[in-house]
Amino acid sequence: MLELTVKGSKKYFGWMALVLGVIGIGFCVYVWQLISGLQITGMSRDVSWGFYIAQLTFLVGVAASAVMLVIPHYLHNYKAFGRITILGEFLAIASVTMCLLFVIVDLGQPMRLFNVILHPTPGSVLFWDMVVLNGYLFLNLIIGWNVLEAERNQVPPPGWVKPLIYLSVPWAVSIHTVTAFLYCGLPGRGYWLTAILAPRFLSSAFAAGPSLLVLLCLLIRKISKFDPGKEQIQSLAKIITYAIILNVFFFFCELFVVFYSQIPEHMDHFKYLFTGLHGHGVLVPWMWASLGLMIFSIIMLVIPSVRKNETTLAIACIAVFAGTWIDKGMGMISGGFVPNPLHHVNEYVPTVPELVITIGVYGIGVLILTALFKMAISIKEEVAA
Amino acid sequence: MPRQMYDKGKIVAGLVIFVIIATFPFWYNIGKAAPAPELKLTDKAKAEKECVMSVTDMKAGHMQLLDEWRDEVVRSANRLYVNSKGKSFNMSLSNTCLDCHSNKADFCDKCHDYASVRPYCWDCHIDNPKATEEAKE
Amino acid sequence: MESNRRKFLKVAGISALGIAGAKPVLNAFASEQEEEAQHADVEIRKNEKALTARQWAMVIDTRKLQSEEDLKPIIEACHKTHNVPDVMDTENAEYDEDNQRHVIKWIWEEEYKHAFPTKSTEFLDDRLKNLPFLVLCNHCENPPCVRVCPTKATFKREDGIVLMDFHRCIGCRFCMAACPYGSRSFNFRDPREFIKDEDRNPEFPTRMKGVVEKCNFCAERLAVGKQPACVEASNGAIAFGDLYDPESEVRQLLKSNYTIRRKQGLGTGPAIYYIV
């Protein structure tokens, strides 16, 4: 099936070349980071995780959201999703790959990565994160590949794939739960120290991932002969609506607990993010934008006529994606580190090299996603013809 | 089934290019093999006559020995090594090994360069054993 | 000890196979046996003078440390002994104000409200308000940093010291997120640029870029029967001893003085006690 990824229009190859160029630039900057160390990033003694780990967190969510297609399709026998489940699974593959790459670019000594396997430490959540992310990658590769191949040959997928599909459902939940556990089990970090962190992560994931998928479906319809389907997009829209409402609801639960209890170690982080603390507040406009975008999207999505119009739906999806991305990709990590455990306020702003490396990793994700989607769509077109 | 090779030219050309690239290190280095380096010992090392282990053991296994030492010292807090002859040593690359072998360039580097290995011990452990000597006096 | 010896023999055996190289396999086995005979009585153990404890602990008497001037020699002694780079050295060619982000400290001073943010109050007495506090790794009895490390590069030693194995650290910085005391520093860059050759302690290694570091309770000094460098430099203001030895100096001090610990409520069991 891979041969389908090297056959295509000039536009396809032009796009791939562009993406490869971006990856190349990112790689060059990464080599620079390898030589001079993480000093070229904006991270510091106080904010020791930054943009890389934030992107990892966000993308684990996008990867996990494939389960929002798998559950209706395989557990509720919702046939309509049969058309696009593969897109969700391939999106998951691209996202998990990016996640793993973001872990690697964040390491101070990446060549010692194998130590995690040489000295396995089941007590460390990071060890489990590695296990579940790799497991999820392989599950989706095996499932996606076999289901697509069966579709191409117009036969039902082999029977042994079914148990793997069922396994992928709790596995998807586990990847984002474990990612939340990285943060919420740390004693001195009031912003993360909350049992609702994993549910919040999952709800924002199940909004962001399907939003991206809706946008991708609309794009696919435009540039290929394959139509993911009106009904499919509408079903996704309903999933997004529930998920983003839940996400904002969970956020308000958190706000209530923090501000009604008035415990300073928990409040200070929210104050830093939404009002600024001791004169520091680079993230304040971003956090309000995030909250505004999420509430705006809820208003749009709950109105049936707006949701059913694909143009306005696309706008709502962009709002959901941007809002959840700012929340997780910018606020979630910095917010936990500022103020620091000694209550000093030292802010974090990513540097240009850091952003270029980040874009490079996203480039690799886009490259994988394009190739996999090209493969899937070609087969869909082939079968339809 | 007809036995025919499609795109014969392309395949053969591809194979030739592959073989050339895969064997690049061999023909690139042809005739460049350096003679095995001769080790220089410091006077102090000569006077000692024997290292922690016998010379052959040290030659073949000093890296394993150092690996064992570092785990023992750092992780188990054992810092004393008593060899089969009953002689005891402080297990320390900086303070024991490099004390005798204070000529890193002639002792360590020569062989490592020859074997094309680049251990990064000296990123942390003193890179200038001469300075070590002076500081002690 | 036994298992260590076995491990060593294994290693020696493997290296013996290595020596054999092109020799016939039979020969190789013979030389392996020779090796075993030679290494049978190798012994790896502690120095006789080494100090041991169940849980090392420290009592800092802030009554004896009145001013910055009192703390300075203590901090200097530690940082010199352990080759801690001074990235804020204005004389260094690499100096930049922005280096503040990459500062490395094992032991340093904080105001009361930062050392004890949960115990701080607006109406603090003047002495405490202006008193500089020494802070360092707490060598917790229940350390969160050890819990989160994915490679056991940071681990709790038998004697309670929370130690870093710089050889094993992959630089993921999970421990820095986990430490509720901000006791850990990361080498964002090569530290050697900031250690002057003449200041370097040749008996202690430096670090390389990309690893986390922190106070090691002078494990290397305890191993030869010496007290930690900061204790030695403190003129009796810092006491060091076994928390579980009722006769130890720290226990005597704890018995007769009211002490506080940093963020005790988190359950980490910090082993640094402060007499205020």
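On a predicted model such as this, the values are computed, not experimentally measured, just so you know.

Caption draft 1: Representation of the overall build of chain C within the structure. Within chain C, the secondary structure is distributed over 10 helices and 11 strands. In chain C, 67% of the contacts between residues at least 6 apart in sequence involve partners at least 24 apart. When the accessible area of chain C is evaluated, it comes to approximately 12,300 Å², of which 49% is carbon and sulfur surface.

Caption draft 2: Highlighting the overall build of chain B. Looking only at helices and strands, chain B features seven helices and two strands. Moving toward the C terminus, one meets the helices and strands of chain B in the order α-α-α-α-β-β-α-α-α. A compact globule built from 137 residues would reach a C-alpha radius of gyration of about 14 Å, whereas chain B, at 24 Å, exceeds it by more than 25%. With respect to the principal axes defined by its C-alpha atoms, chain B has extents near 80 × 35 × 30 Å. On chain B, roughly 9,200 Å² of surface is accessible, and the fraction owed to carbon and sulfur atoms is 61%.

Caption draft 3: The arrangement of a nonpolar patch on the surface in detail. Residues and elements named next belong to chain B. Side chains of Val12, Val16, Ile20, Phe24, Trp27, Tyr28 and Ile30 sit close together on the surface and give an oily, nonpolar patch of about 690 Å² of accessible area. Those elements giving two or more residues to the nonpolar patch turn out to be helix H1 (8-22) and helix H2 (24-28). Of note, Ile30 is situated in the loop between H2 and helix H3 (43-48). Note on Ile30: relative accessible area 63%, which makes it exposed.

Caption draft 4: View of the interface of chain A and chain C. Listed per partner, the contact involves 41 residues of chain A and 45 residues of chain C. Contact with chain C buries surface across chain A, with Arg45, Arg112 and Leu342 of chain A losing the most and accounting together for 22% of the total. Taken together, the connections running from chain A to chain C amount to one salt bridge. Inspection of the chain A/chain C interface yields 31 residue pairs in polar contact (both at pLDDT 80 or more). At the level of elements, helix H1 (10-36), helix H5 (115-118) and helix H6 (125-152) of chain A are the ones that each hand at least two residues to the side of chain A that touches chain C.

Caption draft 5: Fine view of the sheet that holds strand E1 (residues 43-45) of chain C. Taken in spatial order, the three strands make up an open sheet running E2(B)-E1(B)-E1(C), and their pairing is antiparallel. The open sheet has two edge strands, strand E2 (88-90) of chain B together with E1 of chain C, and neither has a second partner. Neighbouring strand axes in the sheet, compared pairwise and without regard to direction, differ in orientation by 20° on average. Both strand E1 (residues 80-82) of chain B and E2 of chain B contribute to a ladder of three bridges, which runs antiparallel. Residue pairing across strands places Tyr81 of chain B opposite Phe89 of chain B, the latter belonging to E2 of chain B.

Caption draft 6: Geometry of the pairing of strand E9 (residues 238-242) of chain C. Residue and element names in this part refer to chain C. Among the five residues in E9, five count as buried, and that is most of the element. Here strand E2 (residues 56-61) runs beside E9; their pairing, made up of five bridges, is antiparallel. Each bridged residue has a counterpart across the sheet, and for Met58 the counterpart in E9 is Phe240.

Caption draft 7: Just the nonpolar core, in detail. Core analysis: the biggest nonpolar cluster contains 149 residues, and Leu87, Phe90, Tyr183, Trp192 and Phe373 of chain A have the highest contact counts within it. Non-local contacts of Leu87 of chain A, meaning those with residues more than four positions away in its chain, are made with Leu213, Cys217, Ile220, Phe373 and Ala376 of chain A. One finds Val74 of chain B together with Ala53, Leu128 and Ala237 of chain C within the second-largest nonpolar core, a separate group that totals 43 residues.

Caption draft 8: Representation of unusual backbone geometry. Of note, the amide linkage connecting Val338 of chain A to Pro339 of chain A takes the cis form, showing an omega dihedral of -5°. By the secondary structure assignment, Pro339 of chain A is in the loop between helix H13 (310-337) and helix H14 (352-384). For Asn77 of chain A, which is not glycine, the phi dihedral falls at a positive 55°. For Asn77 of chain A, the position within the fold is in the loop between helix H3 (67-75) and helix H4 (85-106). Not every positive phi belongs to a glycine, and Asn83 of chain C is a case in point at roughly 55°.

Caption draft 9: Up close: the packing of H3 of chain A against H4 of chain A. Residues and elements named next belong to chain A. Between H3 and H4, the least distance of the axes is 9 Å, while the angle of their chain directions is 145°. Along this stretch, H3 crosses H4, giving a crossing that reads as left-handed. Along the contact surface, H3 presents Leu69, Val70, His73 and Tyr74, while H4 presents Thr85, Gly88 and Glu89. Here the residues of the contact of H3 with H4 sort into three nonpolar, three polar and one charged.

Caption draft 10: Just the sheet that holds strand E11 (residues 272-275) of chain C, in detail. All names here are of chain C. Sheet architecture is open: four strands sit in the order E9-E2-E11-E10, paired in mixed fashion. For this open sheet the edge positions go to E9 and strand E10 (259-260), each flanked by a neighbour on one side alone. Sheet strands touched by helix H10 (residues 249-256): E2, E9, E10 and E11. Its angle to E9, the strand with the most contacts, is close to 115°.

Caption draft 11: Summary view of the confidence of the model for chain C. Residues and elements named next belong to chain C. Per-residue pLDDT for chain C averages 87, and the proportion of residues at 70 or more is 86%. Note that residues 17-30 has pLDDT below 50 and, in this model, six contacts with residues that lie over four places away or in other chains. Confidence metrics for the complex model read pTM 0.89 and ipTM 0.92.

Caption draft 12: Just the environment of Gln66 of chain C, in detail. All names here are of chain C. Tracing the chain through its elements places Gln66 in the loop between E2 and helix H3 (68-81). In sequence terms Gln66 and Leu128 are 62 residues apart; their C-alpha atoms lie 9.9 Å from each other. Setting aside residues up to four positions removed in sequence, Gln66 forms contacts with Leu131 and Pro132. Looking at Gln66, its side chain comes within polar contact range of the main-chain oxygen of Arg63, at 2.6 Å.

Caption draft 13: Expanded view of the UniProt feature "transmembrane region" (unreviewed entry) in chain B. Mapped onto the present numbering, the UniProt feature "transmembrane region" (unreviewed entry) falls at residues 12-30 of chain B. Secondary structure across residues 12-30 of chain B divides into 84% helix and 0% strand, with the first and last C-alpha atoms of the span separated by 25 Å.

Caption draft 14: Highlighting H13 of chain A. All names here are of chain A. Taking 1.5 Å of rise per residue, the 28 residues of H13 would be expected to cover 40 Å, and the 40 Å separating its terminal C-alpha atoms lies within 8% of that figure. The largest bend in H13 amounts to roughly 45° and is located at Gly331. Counting buried positions along H13 yields 21 of 28 residues, so the element is predominantly enclosed. At the N-terminal end of H13, a side-chain oxygen is found 2.7 Å from the backbone nitrogen of Thr311, two or three residues along, and the residue is Asn309.

Caption draft 15: Local environment of the pairing of strand E4 (residues 133-136) of chain C. All names here are of chain C. Covered by surrounding structure in E4 are Phe133 and Val135 together with Leu134 and Leu136, the residues of both alternating faces. Where strand E3 (residues 107-110) lies against E4, four bridges are found, and the strand directions are antiparallel. If you follow Trp108 over to E4, its bridge partner there is Val135.

Caption draft 16: Structural detail: the pattern of salt bridges. Tallied over the full model, the rule gives 28 salt bridges over all chains. One salt bridge in this structure joins Glu3 of chain A and Arg152 of chain A, with 3.2 Å as the shortest N-O distance. Of the two residues, Glu3 of chain A is situated in the segment before H1 and Arg152 of chain A in helix H6; the sequence distance between them amounts to 149 residues. One salt bridge in this structure joins Arg101 of chain C and Asp98 of chain C, with 3.1 Å as the shortest N-O distance. A residue is classified by how much of its surface remains accessible, and Arg101 of chain C, at 18% relative accessible area, is buried. Among the charged side chains, a salt-bridge network with shared partners connects Arg221, Asp227, Lys230 and Glu310 of chain A.

Reading the values: rules and limits
- Residues numbered from 1 in each chain as written.
- Chains lettered and ligands numbered in written order.
- Predicted model: local features only at pLDDT ≥ 70, side-chain atom pairs only at ≥ 80, totals over all residues.
- Heavy atoms only, no water.
- Helix = DSSP H or I, 4+ residues; strand = E, 2+ residues; numbered from the N terminus.
- Contact = heavy atoms within 4.5 Å.
- Areas by Shrake-Rupley, 256 points an atom, 1.4 Å probe, with all protein chains shown as cover.
- Rg over C-alpha atoms; globule rule 2.2 N^0.38 Å.
- Patch = residues over 30% accessible without salt bridge, like charges linked within 9 Å, V, L, I, M, F, W, Y side chains within 5 Å.
- Salt bridge = Lys/Arg side-chain N within 4 Å of Asp/Glu carboxyl O.
- Buried < 20%, exposed > 50% of the residue type's maximum accessible area, 1.4 Å probe, protein only.
- Buried area = accessible area lost by both parts, 1.4 Å probe.
- Polar contact = N/O pair within 3.5 Å; in protein donor to acceptor, adjacent residues only side chain to side chain.
- Pairing = 2+ DSSP bridges.
- Axes fitted to C-alpha atoms, helices over the stretch in contact; angles between N-to-C directions.
- Core = buried A, V, L, I, M, F, W, Y, C linked by side-chain atoms within 4.5 Å.
- Left-handed = near helix turned anticlockwise from the far one by under 90°.
- Nonpolar A, V, L, I, M, F, W, Y, C, P; charged D, E, K, R; others polar.
- pLDDT = per-residue confidence, 0-100.
- UniProt positions renumbered as here; feature names shortened; annotations may be inferred.
- Expected span 1.5 Å × (residues − 1).
- Bend = angle between axes of the 7 residues up to and from the residue.

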